[in-house]
Every structure is written in structure tokens, then in C-alpha cells.
Amino acid sequence: MYVSPIREPLVTGKKTYKKITDEISAPIEGKPGKAWYAGITLTVSALLLGLAMMGYTIWQGIGTWGLNKTIGWGWGITNFVWWVGIGHAGTFISAILLLFRQKWRTSINRSAEAMTLFAVMCAGLFPLIHMGRPLLGFFVFPYPNTRELWVNFNSPLLWDVFAISTYFTVSLLFWYVGLIPDIGTIRDRMKSKFKKWIYGLLSFGWTGSAKHWQRHESISLILAGLAAPLVLSVHSIVSTDFATSVIPGWHTTIFPPYFVAGAIFSGFAMVLTLLIVTRKVLNLENYITVGHIESMNKIIIATGSIVGIAYITELFIAWYSGVEYEQYAFLNRATGPYWWAYLIMMTCNVISPQLLWFKKLRRNLVFTFILSIFINIGMWFERFVIIVTSLHRDYLPSSWSMYEPTMVEVGIFIGTLGLFFTCFLLFIRVFPVIAIAEVKSVLKSSGDQKDKSETKEKH
Amino acid sequence: MNKYWKSLTELKNGENSVPDQAMPKGNLEQILDIFDKNENASKSNRRDFLKLCGFSLAISTVVASCENSVQKAIPYLIKPEEVTPGKANYYASSFAKGNDYCSILIKTREGRPIKIEGNDLSGVTHGGTSSRVQASVLDLYDTSRYKHPKKGNQKLAWEELDETVKKELNRLKNANEQFVLLTSSIYSPSTISVIQKFIAEYPNVKWVQYDSQSALALIQANEMCFGKAGVAEYRFDYADMIVSFDADFLGTWLMPVEHIRQYTKKRKLCNGNISMSHHIQIESRLSLTGSNADKRIPVKPSEQKLLIVQLYNEILKLAGKEIYSVPASNDNMKQIAKDLWSYKEKSLVVSGSKDTSVQVIVNAINFELENYGSTLRVDKQLHTFKANDSDMDQLLKDMKSGKLKGIISYGVNPVFDYQQGKEFSDALKKIDFSLAMDEVPNETTALMSLLAPDNHFLESWNDFEPKTNRYSLMQPGIRPLFDTRQFQSSLLSWMGEDSNYLNFIKNHWEKNMYPMQTAYPNFTTFWNHTLQQGVFEPGVKSVFDTKFSLANMNSFVNQLAKQADNKGIELQLYESIAIGDGKMANNPWLQEMPDPVTKICWDNYLCVSPKQAEEMMLETGDVVELNSQVKLPVYVLPGQAYNTVAVATGYGRQVCGVVGKNVGINVNFLLPSNDDFTGDVKLVKTGEIYNLAMTQTHHSMEGRAIVREAGLEEYKKNPSAGNESHHAYENASIYEKPKFPNHHWGLVVDLNSCVGCGACSIACQSENNVPVVGKKEVIRAHEMSWIRIDRYFSGDEFNPDVSFQPVMCQHCDNAPCENVCPVAATNHSSEGLNQMAYNRCIGTRYCGNNCPYKVRRFNWFDYTKADSIPNNLHDVAEMTIDLKRMVLNPDVTIRAKGVIEKCSLCVQRIQEGKLNAKIEGRKVKDGEIKTACQQACPSGAIIFGDLNDKESKLVKETSSKRNYHLLEEIHTLPSVSYLTKIRNKKA
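Residues numbered from 1 in each chain as written. Chains lettered and ligands numbered in written order. Predicted model: local features only at pLDDT ≥ 70, side-chain atom pairs only at ≥ 80, totals over all residues.

For the rest of this paragraph, the subject is the overall build of chain A. Within chain A, the secondary structure is distributed over 17 helices and 0 strands. For chain A, the C-alpha radius of gyration of 23 Å lies close to 23 Å, the compact-globule estimate for 459 residues. For the C-alpha atoms alone, the extent of chain A along its principal axes is close to 75 × 55 × 45 Å. When each of the 459 residues of chain A is scored for burial, the buried share is 51%. Summarising the internal contacts of chain A: among those between residues at least 6 apart in sequence, 84% fall at separations of at least 24. (Helix = DSSP H or I, 4+ residues; strand = E, 2+ residues; numbered from the N terminus. Rg over C-alpha atoms; globule rule 2.2 N^0.38 Å. Buried ≥ 20, exposed ≤ 12 C-beta atoms within 10 Å, placed from the backbone. Contact = placed C-beta atoms within 7 Å.)

The following block contains the structure:
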């Protein structure tokens, strides 16, 4: 296949198929290093702290959080939306980029999808524990019961239940289906009988026959087709939690596209944060190249600009609407007691990604890493700003109030970070971080050795 | 035997021919087979499945039943005649505590009082109540109450106590030693008679009446001016113009419940009435009355005396009489005098001063304005204030000199609320025979050697004459909970008489009150009827020629006029609206009721003017040291006069139950009770910060049309002034408005009548079992009140306009809360109510967020003991112990941790009204159902009714041009509406 000479190779280092398998499977076969143990100790401690704080919340009540009669949602829902947003990159990469035939996705889709799952798990925790009576959380499911109780299909929170659970299920399936050929590979390479048996089970009897491949390809495509609209729908639905309300600052029709763009924006930032470290630690620089980083940075600049325009549109519409409550809500966002949160949001989400117009910075790993952290912080603050600053001063000034989180809420947030990174650390020891089979598929067409040989022949 | 085969394979291999030789399976194994793959070998069938079902059912039954504790509900063996379970009984009675009086109905359920309501038949309070009256029912179940007679810490039987007391009394009588009976003001005719008999029996007894805030100046001034000692009757409803010098007559002065009704009656704009009284308040602290005034003039307390004299002079000038030589008055006073003169005979000047000479001048002003006989009269009197401060000073002197050998105290707490409390307590310790007769411990009773505990008023018989010829009865709603005895019965038994006080009252009434009427042929029917009504108000015509006769006016005028201006900071003490003089400090409902003006609860604090705060760089919450005596947190109160500070008394109780102990600081010692203020106060900022529990922290309406208001003149020209857009958005939606074919319940709040007193919020708390959360939780904005009174300041921060707005659930027909609940726990009834299904609520708080009125309340912790998780109770006020839970309204469920609650428009009362109507086979009558807030309101500002009933009072108000919905532009279609506030401001 002809590849344009200006296109960068997607796999460098003159890899052979064997080499690819060897290198990507290395972390699974070898013993983890000290850094891994140190990391997992840290993340598990954070997770335990979070669990303790969740237990304390459920035992004592939501009163242990900093919420009050005016501000019913705070860090809990901020974290929920933030995690859901982060969970957007994986599916975007694997489904939408697959449909658009973006080959560079093959190096990053596996870990991005894993990240999606872990992020959605973290996100899913919050709606449950932020309930006053989490033990009755099953009330949100429309199950048949003798009391003829039924759920309220008008409520965006109910839509959330379906959106998040569907998204999680489809993402999990998609991820797992993609994993099957690689699990087969790992199974074949395992020496211990026990591990062989485990991977054997997990591989669903994968043999690599043509029939298997054909089925694998078609199910992947079907799932990609299913997952692609979900990428758009999940965060649209999450945004309706706010957009369908009457609270100034929430009641905004721009929310669905703005939330989706923001989600992909933050998702890619988190992928970058993780992969820049992972490629270094696991020696995968030849698979996740600077070119990959640059491609992701381009998506960040696109989505970041959409988010920036959305922020400005919100301000414009608030002024243009002539509604005093709307106008005050946005004035208060920018200049009220939470101005610092708004400033952090604006700086991190709108100004900093604009630096990526410089090619040098796009390809600078240290800069990208720092920027990705900035975006993660900025996108967290975006949700904080939307939720808290809208609620704390709404219609009746008599009820205006202030919010600050308690240690319990902070602890729970740290706990979900712990859960996320614990899962990721376990994941890199158990499954190949890069889709072996898929990378191999682009090696011949987009690998560096192939490029050179082909160009030589022609010239 | 022929071999039959099913298939060729079977024929060939001979398989299947051998029957399964395995051991027969046991029951459980067979059952478990159904989980195997559907192979022929496993022989589980439908029966096994049923067995499994049965087994699971049995197990789950056993497991589930282990958890439940057995709770016994014991039915009546013999049903009491009057008690029908589930049906409330009402008994007419009276509330009387110190100087507070109210005619009430006691609501009892299954024999226990659970709620106090106003008695409509009373000609004094007319069905109105105050927050303290509403809260008094909780005191019945106060855990700190004395439970039996005591000597020191030793429990006594009543017989033993009686013997001891009688011995002591006789010993003192025989030795002719001085002995004092110290009580609060007694305005019960029978009690007075008992005391008089007691004094006749023991002539060495001296009776001293003591009020923490006495009305001595009024009493003396009337005696000097008209030769008739006593507090005059005020009729604010007859006054077209009211000028009040520091008299907080809507808050704490004399009888606020009565005043609020009179005041708002005159200002009610309905039935074609378009006139209102014009109210001018001249005061230093922004009081509840001042915040309702049409014009408020902030002045220092020291300046008031001169102003009053100047006003007198101006009026004399207008009357064409000889004037006194006093400094020339300013334009304000000239204008006021002119206005007053134009409202001659229909104006009223009052003063809260404790200076007799001030009250003399005020009397003179009213006399010159010819107000006597119309807006106030001295022949009819208020009897709830009788104390003479000098008696108390004499008592202290006698105690210190050792002349006094014995003391009995009843209903007073001078160690706490007397200025020389410390000296009083030292002297009290030296007295050999001291006997307390209070129901709850206080600083004074703690120092007494003997204790004969009184009943709670809900356990007592009594009668009252709060005003001339206005009698009322007090009857018990329950038998005494503890081994206590009424004060009067105790006195009677120590005289050696029949200790049945009820008989004594009956005899007294037969002799004295029965002859005052002619309607009833015999005493029994008269008595029964009066008891049922609660009040007896014979129409006694009195002709009194009010003659002002005071020779030396000149000296009074000069005395007041020459008082030099005090340049320093002046301190005033005031009673807080909730706590009063501190007698009810152990009542958690009152402690948690925010002050109407400052919106602070659970504390007292120093009110400082904004200018002073700026100068001293003080902010709300900063702690200052006052005269190096007390440290107090500061509250910057808009409207507080510059160079004045004020702090509430009644706080800082040391000896009382757990609720009121150490709440705030006792400041009674700072000021003699008969002084209005003290000057030259030194304030020093300490740098400490103190967290005040405020239920409202933002005081401006931000220019939003939340409380809509207009001036009276504008209103006269245009009835919808200030409310031009009223109901303009009603049909703005593309959807049709929801229809409610049968009933459509609604509520209207007249903002022109609401004075912000807060009685409704306590009534709601009592009716709906609203939990108490405590100070820390209020600081975290976790208070649970279903109805709150928003207070906004507008205009000038040094003398702001104040607006009050009660806000409860608006019961929107297009409710934002309803469509966001994922489990449909909040939904709309077919009668227009927004209802909560607590059992269904999972606590997402989305409804609370989406409520534009922020009236939904979340149970942040287990406040009520209704949570299933142990050891997480948050109960600071003992509200969940069995004794106090007796106050719970059984018609309203208590809410568990983690659910949202809110105003239900007293759905239990609606249901009761509907059922009553149904039983009688008729429609619900207008006015038959009253919500708790409406019932409690002394000004009738809240009206509940059926919006579908076109004849109802409610519809009359909602079709008024003044009617509007709160935030109607967001189209929530509330069932609750408001009427604009009209201020009678003169240009």
C-alpha cells in the first residue's frame, strides 16, 4: 500500500511481528519492578481511604459533606461528571477513529479503552454514594414490583442510569472483544499451567482461524457502530441533568455539544497523562511515538477550542437573553466569591491548549504532560463552576449560601483516584497495553522499515 | 422380552439400556440438580423447583423475622369516654408565663397535649398566638423538669414537705419574723385570693411581685396623671397615626399578640378599605416594630427624652397653649406634631421608656391629642404587669441586712435576670428557710433549700384576668406527668385548707364572676359553658372621665429637657423575640427560631451600627469586649443608630436543661432593669472570631421583584402598583395549564399584614414534627424549617426599609422538583398539592437543587432516630428521648436520614377536614381547614383555601390586583401567592 512520504511512521524501530509480540507481552511475563510496587501501594492506600470515607458517609449521612439547604450537589457530582468525561476518550478512539479509519489509534486504543472503563467505574460510584439512602438505590431501576411503583422517565437522573450503564456495558464488550486475539497470544506464550488455564478461559478458545478473525472483525465493526453514538449520547444525557433544570447557569441549551466536546477534551488529556508515563516505563516509545502524542494534541486543541467557544457563547447568551437571573448567574461566576474557580477553568481549558498551535510544543513530551494535567484540573473546575456557582446564588437571595468541601468529600475523591490508578496498574500487568494484533496490522503499511524500503524502490 | 430401541445408535451400542446405578439422590442434591445443564441425567422437575421455592421462602422468612423486634400496641381495656384513637380533642385554656398571656386551645391526641392553637373566642388575643405560646407545649415534656418535692438533693414526699413547710411557717409566724412570697406578676383572680388568704393566715408574709422587665413607669405615670394606677389599654386598631418612641409593641412590649392583630387590622387593605395607619418609630436598635414602621428615625436613647418634650411642646403650640422653654425642635418633630394634630383623637403616642417622667409627658401628649377614650384608655387596664421595682430593691436590702428570715419564690428567677443577681444570690444563700415552687430548675431555685415543684400549665387549673373584665380559664390537658402539685394547691394546703384548687376557683367564680352575667340560670351551666369557651368577657359598661391632673408638669419637662447629650456609645438591653427573659431558654424550638430582624438563632450578640463597624473595622462575627466585662460577638445591624449598641437579655442561662445551658451570655447585670440605657460604653476589638448561626446571610433583594411593594398613594391611584406584571405569564406556555376538577388547594400570604413575628414557623415545627438540628448545623445551613421568613433590607444601610416574606413550599402546578426525581418520590396530587412520598425518596437532592424557592429540606443526619443504622444519632436537644417524643404529632410521619422533606400544606389537616365533610355528607366549607401557620398567625396574614371555590376568602385575595406569584416569570404556576406590601410613606 502506498503511504505518503510525509506521513510519519506509526511504528518505529524496525519491528518484526515477533519483536512486537515480545515487547508488548514483556510486562505481563516479567516480574514487576519496585516502581510498580511503590505505585500500587500508594494507589491502594488512596483507595482504602476512599472506602473508609464512603463507609463513614453512608453510616453518618450526607451531612458529613459540605452541602447545605441551598447547595445540594458539590464535589460528589463534580467528580461524577469529571470521571464520566474522562471516560470518553477510549470509546472515541476505538469507535469513532475506527470508523474514520485512523490507523494511529491502534497504539493507544487498548489503554484508552481500559481507562474508559475504570473512569466510568469511578464515575458510577458517585451517584450511588451521594444518595441520602444508597441502600435503596435499586429504586432507580424499573423492576416489576407488587407495590406498582415505577420510575420517573421524565427525570434526567433516570436517563443517566440507562446512559451510564449502557455505555459501560458496550465499552466493556468492545474492549474485551478487542482483547480476545491478544489473550490468545498471551495464553500461548504462558509457561505456567495455571496462567495458561486462566488465559485459556479468558480467550474463549481463540485459535486465530480465519473464521475467528472474520467473526472478530464483524463484531468489532458492529460494536463500533453501537459505541459511536454512545460517545455522543452519554455526555449529552449527563448534561441534561443540568440543562433541563430551571437553575440559571444550568438551564442552557448549549450544554449537550459543549459537554461532549469537553468530555473528549478531558478524556484525551487523561490519556496523554497516562500514556506519556506508560510508554516510558514500559519501553513502548516505538509504538506510542511522538507522532501519536501530536495527533492527540491536535484533538485537544480542536475540542478545547470548542469548549472555549461554548464558554463565550454562554456569556453572550446570558447577556443577550435579558433575563436578570441568567445575567447575574454568569456575572457571579466570573466575579462572585468563586471567581478563582472560574479563573482556573478559563486558564486551564481555554488559554493553555491554545499553546498547542506551536508544533514544537505539540511534540514536546514534558510540555504535553504538564498541559494534560492542567486540562484535567481545568475540566474538574469546569464542573465545579457549573454546579456550585450556579446553585449557591440562584433565584432568592435569602437562600444564598457558600459551599466548601469537607475532608470526607476530598477523601472520597482521592479514593476514586486510587481506584482508577489501582485498576490501571493491575491492567498493565495482566493484559497487553497495546493491541498486539492491531498494531501488527499497521506495521507493514505504516511501520518505518516498510516506508523506507518502499520509497527506495520507487526512487 | 422384546427390546425396544429409540435410535439406530442405541441399537448398535446398547447404551442407555443400562439403568443408572448411582445412589439415589438426597433431597437437597435433587434440588441442586436444576442448576445443572439440561441433560437427561439430571432428573429435576417442576416439583423440585417448587421445593426450592418453598425452601427459599422458608429461609428468607426465618432470616427476615430474626431482625424485627416485637413492638406492642396495647389497646384500651376500657375506652375513656372522651378519647377516640386517631381523633384529636381540643380544650380551651390559657397560656400564662410571667407577663406573657394568651388564650389558647390545647390539642390532645390519645390524652396527650401535642399542639397549642389560638382561641378565636378571646377578646384579647382573638385566636392569635406567638412563637413562645406555640413552643410552650414542648416544655411540658422537658426532661429537666422537677419530678418530685425535694429538700436539698433529697427526695421528699409531699406529706413530709408539707409538714416541714408548715412547721417553718408557724415558727416564723410566731416569732413574727419577716417572710417574703416572691412571685411574678399575678393576674389570676383566684390566685390573688389564695395569696391574700395565705397572708391573712400568716400575717408576717410580705408579697412581692417581680418582673424582669417591669412596666412600673407606665403604672406610676397613669397614677400621677389620672389618679388610676395601672397599664392603660392600647388600641392600635383605632389609631390613624402611631408614633412610638422605642416601644417594640409588635415584638416584646406589653402584649404583642394583641398589638399585632390591632396594628395589622388597621392596615389591612381589603373589602374596599384603602386606608392605613401611618406608623413612625423613633428608636436606636432596629426592632421588629421599627422594621414594620412606615418611617423610622434612628436616634440615640439619650436623645429621645428631649425629642418627646419637644414633641409635647410642638403639640401644645398647635393647641394654642402655653409652651415650655426647651431647645427648638427640628423639622422632623414639627412635622410629626403637625401630622398628629391632624389625626387628633385618632392617633397614638407610645414610649417604651422605663422613666416615669417620660411616660408622664407621653400621657400629656396623648391627652392633648384627645386620644383618651379612643386609642387608649386608663379605665380598662392591662393586668399582666404589676411589679414595682422598688419592692425588689427593698427585698434585697432586707435580705442583706438579715431582716428577712424566709422566702418562697414562684415563677421568678432574679438570680439570673435581676441586675443585682449576684448580690441576690449571695444574700439568698444566707436565708434559713427558702422554698422554690417552680416547675423547672433555674439559677434561683438551685440556691433554695426546699422545693415544692409546680405543675406545668398544661397540667393545671387556673383563671386569669389579663385585662379589665376579660376573664379566662386554664384547664389541664393531661394529668401531671410527675409528682408535682400546683402552686395554689400547695399554698392552700399550708393554710390547712382543702388543697383542691379547682374547687377554690369554682367558689371564687360563683361568688365573683357568676353575678356579672345574666345569660345562665345557674352556676353549673355558666361554669361548664365558660370552661368550654375558655373565656368569659362580660360587657361591663364603664364611664370614666379621663382628667389630666398634674400640677408640676414644668418640673418634668425641665428635668427631661436639661439632660445633657451623652457623647459616648450607649448600650441598650432588649428582650429577644424568641427567648424573652430567658424563662423558656430550655426550649429548643425557640432557641432555633431565628430572630425576625437579624436572622440569628442560638445566641445573643451585640448589634452595632454599620458606621461604627466601619470605624472600628468590625465585621459580623468579630468578638468585642464590652466595658472589660463581657465578650460578645458583633452583628452589624443596618438601621442601628450610630454610637449605640444593643444586646439581648435572656441568654446565658447556667442552671437549666441541656438545651439552654450556656447558650449566649447573660448581660442582665449590665443595666438596672428600670434604666433605658447606659452611656459611655467602651468597646474593644479582641481579634477573636465567633461563628453566629444565621439562617439568612444575604440581605439584599438584588433588585429582583421578590417582595413587591408600593406606596399607599401609588396604590390608591393604581391597585396593581408595584405589581404591574401580575400573572402576565400565567398562560405563557404552549402546554395547557393543569386542571384540578375537585379541589385545588392554595394559600395566600398578605405581605402587608405579615409583621415577621415567627409564630407560624414554630407552629409548623410543632404540627409537622420538624426536627431541631442545633447551632452547629444551623451554621452549616442545615436547618429544617418548612416555613421560613425571609427578611430583606433595601435602601439606605443606615436606615433601611425592611420587608418580610414567609416562604414555604409554593406547591407549583408546574413543579420543577417533580419531573427531576428519578423515582417519582415527589409528585402532584389531583388536588394541586406537591406531595412527598418519604418512603420512596432515595435522597438525590435533585429536587432541592431544582427548587427555585429553596424550600426543600434534606435530612443530612439522623435527627429523628428514624434511621435503621445504629449509633449515628444527631440529637442535640434530647428531641428523640421518649418523654419529648410525646409531643410528636401522630398524624405526621417522622422522616429518616437521607430523605427530603418540605411543607405539605398541612395535608393531614386537609385530610381531616375532607373526612369530616364526607361524614356529614357536605362539601368542605371555606375556612374550615386551616394550616398550622395560618392558625398561629396573630395578624391573619396567611389564608388557606380552595382555589376552585370562587366564593372563598382565598379566591377573593388571589383575584386582587395586589396578588402575585413568587418568581412567576419562570412559570412554575405556584398555588401559593402573595399580596404586595404597601408602605404608608409620607412624602
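Let's pick the thread back up.
Attention shifts here to the overall build of chain B. Along the backbone of chain B there are 30 helices and 40 strands. What you see for chain B is a C-alpha radius of gyration of 33 Å, in line with the 30 Å of a compact globule of 987 residues. Projected onto its principal axes, the C-alpha coordinates of chain B cover approximately 145 × 75 × 70 Å. By the burial criterion, 53% of the 987 residues in chain B qualify as buried. Taking as baseline every contact in chain B between residues at least 6 positions apart, the subset at least 24 positions apart corresponds to 72%.

In this section: the confidence of the model for chain A. All names here are of chain A. Per-residue pLDDT for chain A averages 91, and the proportion of residues at 70 or more is 96%. The least confident element of chain A is helix H17 (residues 448–458), whose mean pLDDT is 52; the most confident is helix H15 (residues 407–430), at 96. Across residues 453–459, where pLDDT falls below 50, the model places 1 contact with residues more than four positions away in sequence or in other chains. (pLDDT = per-residue confidence, 0-100.)

Moving on: the interface of chain B and chain A. Opposite the 45 residues of chain B that make contact, chain A presents 41 residues. Among the elements of the structure, helix H25 (816–820), helix H26 (846–850) and strand E35 (857–858) of chain B are those that each provide at least two residues to the side of chain B that touches chain A. For the side of chain B that touches chain A, the element with the most residues is H26 of chain B, which contributes 4 residues. Residues of the side of chain B that touches chain A, tallied by class, amount to 20 nonpolar, 14 polar and 11 charged. (Nonpolar A, V, L, I, M, F, W, Y, C, P; charged D, E, K, R; others polar.)

A separate point is the nonpolar core. A general feature of soluble globular proteins is that nonpolar side chains tend to end up buried together. Membership of the largest hydrophobic core comes to 380 residues, with the highest contact counts inside it found for Val84, Phe265 and Val271 of chain A together with Ile361, Leu606 and Tyr635 of chain B. Ranked by residues supplied to this core, first place goes to helix H9 (residues 255–281) of chain A with 15 residues. When residues no more than four places from it in sequence are discounted, the contact partners of Ile361 of chain B are Ile308, Val309, Tyr312, Phe556, Val557 and Leu560 of chain B. In terms of nonpolar packing, the next biggest core, distinct from the first, is built from 6 residues, Leu269, Ala710, Leu712 and Ala721 of chain B among them. (Core = buried A, V, L, I, M, F, W, Y, C linked by C-beta atoms within 7 Å.)

Residue position: Ile734 of chain B is located in the loop between helix H22 (712–717) and strand E30 (745–750). Separated by 280 residues in the primary sequence, Ile734 of chain B and Asp454 of chain B place their C-alpha atoms 66 Å from one another.

Let's shift gears to helix H15 (residues 421–430) of chain B. Residues and elements named next belong to chain B. Taken as a whole, H15 has its buried residues at Gly421, Phe424, Ala427 and Leu428. Here the buried residues of H15 occupy an arc of 125° about the axis, which is enough to place them on one side. Turned more than 90 degrees away from the buried face of H15 sit Lys422, Lys429 and Lys430, all of them exposed. Residues of H15 that are buried make contact with helix H13 (389–401), helix H14 (414–417) and strand E15 (433–436). (Arc of directions from axis to C-beta.)

Residue and element names in this part refer to chain B. Here 7 strands make up an open sheet; going across it, the order is E26-E20-E25-E22-E24-E23-E27 and the pairing mixed. Looking at the sheet topology across the chains shown, the edges are occupied by strand E26 (678–681) and strand E27 (683–689). Here the strands of the sheet are splayed against their neighbours by 40° on average, with no regard to which way each runs. Sheet topology places strand E20 (residues 569–575) next to E26; 2 bridges connect them, and they run antiparallel. Following the sheet pairing, Ile569 is matched in E26 by Val681. (Pairing = 2+ DSSP bridges. Axes fitted to C-alpha atoms, helices over the stretch in contact; angles between N-to-C directions.)

Residue and element names in this part refer to chain B. Mapped onto the secondary structure, Glu201 falls in helix H6 (residues 189–201). Residue classification places Glu201 among the partly exposed positions, given that 16 C-beta atoms sit within 10 Å. When the C-alpha atoms of Glu201 and Ile881 are compared, they prove to be 44 Å apart, with 680 residues separating the residues in sequence.

Turning to the sheet that holds strand E3 (residues 112–118) of chain B, a few remarks are in order. Residue and element names in this part refer to chain B. If you walk across this open sheet you meet the 3 strands as E1-E2-E3, and the pairing is antiparallel. Of all the strands in the sheet, the pair left with one neighbour each is strand E1 (88–97) and E3. Here the average twist between neighbouring strands, direction ignored, is 35°. Each of E1, strand E2 (100–109) and E3 is contacted by helix H4 (residues 131–140), which is oriented at about 170° to E3, the strand it contacts most.

On to the packing of helix H5 (residues 109–129) of chain A against H15 of chain A. All names here are of chain A. Viewed as axis vectors pointing N to C, H5 and H15 meet at an angle of 155°, and their least axial separation amounts to 9 Å. Our classification of the angle between H5 and H15 gives roughly antiparallel. With respect to the hand of their crossing, H5 and H15 are arranged in right-handed fashion. Residues Ala114, Met115, Phe118, Ala119, Met121, Cys122, Leu125 and Ile129 of H5 form the contact with H15, whose own contacting residues are Ile412, Thr416, Leu419, Phe420, Cys423, Phe424 and Phe427. Of the residues in the contact of H5 with H15, the class split is 14 nonpolar, 1 polar and no charged. (Parallel < 35°, antiparallel > 145°, perpendicular 65-115°, else oblique. Left-handed = near helix turned anticlockwise from the far one by under 90°.)

To continue, consider the packing of helix H10 (residues 301–319) of chain B against helix H11 (residues 331–342) of chain B. Residue and element names in this part refer to chain B. At their nearest, the axes of H10 and H11 sit 9 Å apart, and the two run at 50° to each other. Put simply, H10 runs oblique to H11. Two packed elements cross with a definite hand, and for H10 against H11 that hand is right-handed. Along the contact surface, H10 presents Leu307, Gln310, Leu311, Glu314, Ile315 and Leu318, while H11 presents Met333, Lys334, Ile336, Ala337, Leu340 and Trp341. When the residues that make up the contact of H10 with H11 are grouped by side-chain class, the tally is 9 nonpolar, 1 polar and 2 charged.

All names here are of chain B. Summarising the element assignment, Leu316 is placed in helix H10. Measuring from C-alpha to C-alpha, the distance between Leu316 and Leu396 comes to 43 Å, with 80 residues separating the pair along the chain. Setting aside anything within four residues of it in sequence, one finds Leu316 in contact with Lys321, Glu322, Ile323 and Glu368.

Note on interface size: it is often stated as the accessible area lost on association of the parts. Residue and element names in this part refer to chain B. By the assigned domains, chain B splits into domain 1 (235–382), domain 2 (567–694) and domain 3 (709–983). At the level of elements, helix H9 (288–292), strand E11 (295–298) and H10 are the ones that each hand at least two residues to the side of domain 1 that touches domain 2. Of all the elements, H9 adds the most residues to the side of domain 1 that touches domain 2, at 3 residues. Residues belonging to the side of domain 1 that touches domain 2 are distributed by class as follows: 5 nonpolar, 7 polar and 5 charged. (Domains from an automatic or database assignment.)

Another point: unusual backbone geometry. Residue and element names in this part refer to chain B. A positive phi angle is found at Leu254, which is not glycine, with a value near 55°. In this structure, Leu254 sits in the loop between strand E9 (241–245) and helix H8 (256–266). For Leu254, a count of 22 C-beta atoms within 10 Å puts it in the buried group. A positive phi angle, near 55°, is found at Glu878, a position not held by glycine. Glu878 gets classed as partly exposed once you count the C-beta atoms within 10 Å, which come to 19.

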